[in-house]
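# An overview of the molecular structure
What follows is the residue order along each chain.
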Amino acid sequence: MQEKDCIFCKIIKGEIPSKKVYEDDKVYAFHDINPVAPFHILIIPKKHIVGIQTLEAEDECLVGHMFYVARKIAQDLGIAPDENLNKGYRLVFNVGKDAGQSVFHLHLHLIGGRKMEWPPG
Ligand code: 5GP
Ligand code: ZN
């Protein structure tokens, strides 16, 4: 299930240190080493999946769980939209090199704590 040379598999196993924010039997979440905003969390499955580009039908629920965990973390961090839909955060999958994917273990970026621009670069 886990890949020998994958840095995120090594983070899950504790072989590379990380600042954990959440863990359960399916996912692990930790602070990005090079944050692009005041809050930048990565949510990754414990199962090694290269990215959305290789997602299998059996992993559909796992991706839904990643989004649900992102929602909970954003609420805990105090960056979730309020009743007037103010504040907010961004959830991003970079899929492939042209999209900016540099680590080939599926990860959901949770980015917040500042106002975002659109369209992204
Ligand atoms: P990608 O560019 O593939 O969408 O995102 C990979 C992310 O992983 C980048 O934001 C990068 O800063 C982060 N990253 C790469 N290596 C490490 C690491 O060893 N530890 C942590 N915490 N983040 C990492
Ligand atoms: Zn991996």
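Each chain carries its own residue numbering, running from 1 in the written order of its sequence. Ligands are numbered from 1 and chains lettered from A, in the order in which they are written. Two thresholds apply to this predicted model, a pLDDT of at least 70 for residue-level local features and 80 or more for giving and counting side-chain atom pairs, whereas whole-chain, interface and lining totals are computed over all residues. Side-chain calculation: all heavy atoms of the structure are included, whereas hydrogens and water are not.

Between rings of Phe, Tyr and Trp, where Trp is taken as its six-membered ring, a pair exists when centres lie within 6.5 Å; planes separated by under 30 degrees are stacked, by over 60 edge-to-face, and by other angles tilted. Scanning the entire structure with this criterion turns up three aromatic pairs. With 5.7 Å between their ring centres and 35° between their planes, Tyr28 and Phe30 make a pair best called tilted. By the burial criterion, Tyr28 is buried, and Phe30 matches it. Each ring, one from Phe67 and one from Phe93, has its centre 5.7 Å from the other, and the planes form 85°; the classification is edge-to-face. Within this pair, whereas Phe67 is found in helix H2 (residues 60-77), its partner Phe93 is found in the loop between strand E4 (89-92) and strand E5 (108-112), the two being separated by 26 residues in sequence. For Phe67, a relative accessible area of 34% corresponds to the partly exposed category. Three or more aromatic residues link up through ring pairs in this structure, and these residues are Phe8, Tyr28 and Phe30. Throughout this description, buried means an accessible area under 20% of the type-specific maximum (1.4 Å probe, protein chains only), exposed means over 50%, and partly exposed covers the range between. Each helix is a run of H or I in the DSSP string that is no shorter than four residues. Each strand is a run of E no shorter than two, and both are numbered from the N terminus.

Our next topic: the site of ligand 1. Distances are taken per atom, and a residue is near a molecule or strand as soon as one of its heavy atoms is within 4 Å of it. Not every one of the 16 residues close to ligand 1 is listed here, only the nearest: Asp32, Gly100, Ser102, His107 and His109. Any pair of nitrogen or oxygen atoms within 3.5 Å is treated as a polar contact; in protein, a donor-acceptor pairing is required on top of that, and neighbouring residues in sequence qualify only through side-chain atoms on both sides. In the model, an oxygen atom of ligand 1 is placed 2.5 Å from a nitrogen or oxygen of the Asp32 side chain. The separation between an oxygen atom of ligand 1 and a polar main-chain atom of Val103 is 3.0 Å. Within the complex, the protein chains bury 83% of what would otherwise be the 520 Å² of accessible surface of ligand 1. The set of elements that each furnish at least two residues to the shell around ligand 1 consists of helix H1 (7-13) and strand E2 (27-31). Per-element tally for the shell around ligand 1: the top contributor is H1, with three residues. Among the residues making up the shell around ligand 1, the classes are represented as seven nonpolar, eight polar and one charged. Areas reported here follow the Shrake-Rupley algorithm with a probe of radius 1.4 Å; residue values treat only the protein chains shown as occluding. Gly is placed with the polar residues, together with every amino acid not listed as nonpolar (Ala, Val, Leu, Ile, Met, Phe, Trp, Tyr, Cys and Pro) or charged (Asp, Glu, Lys and Arg).

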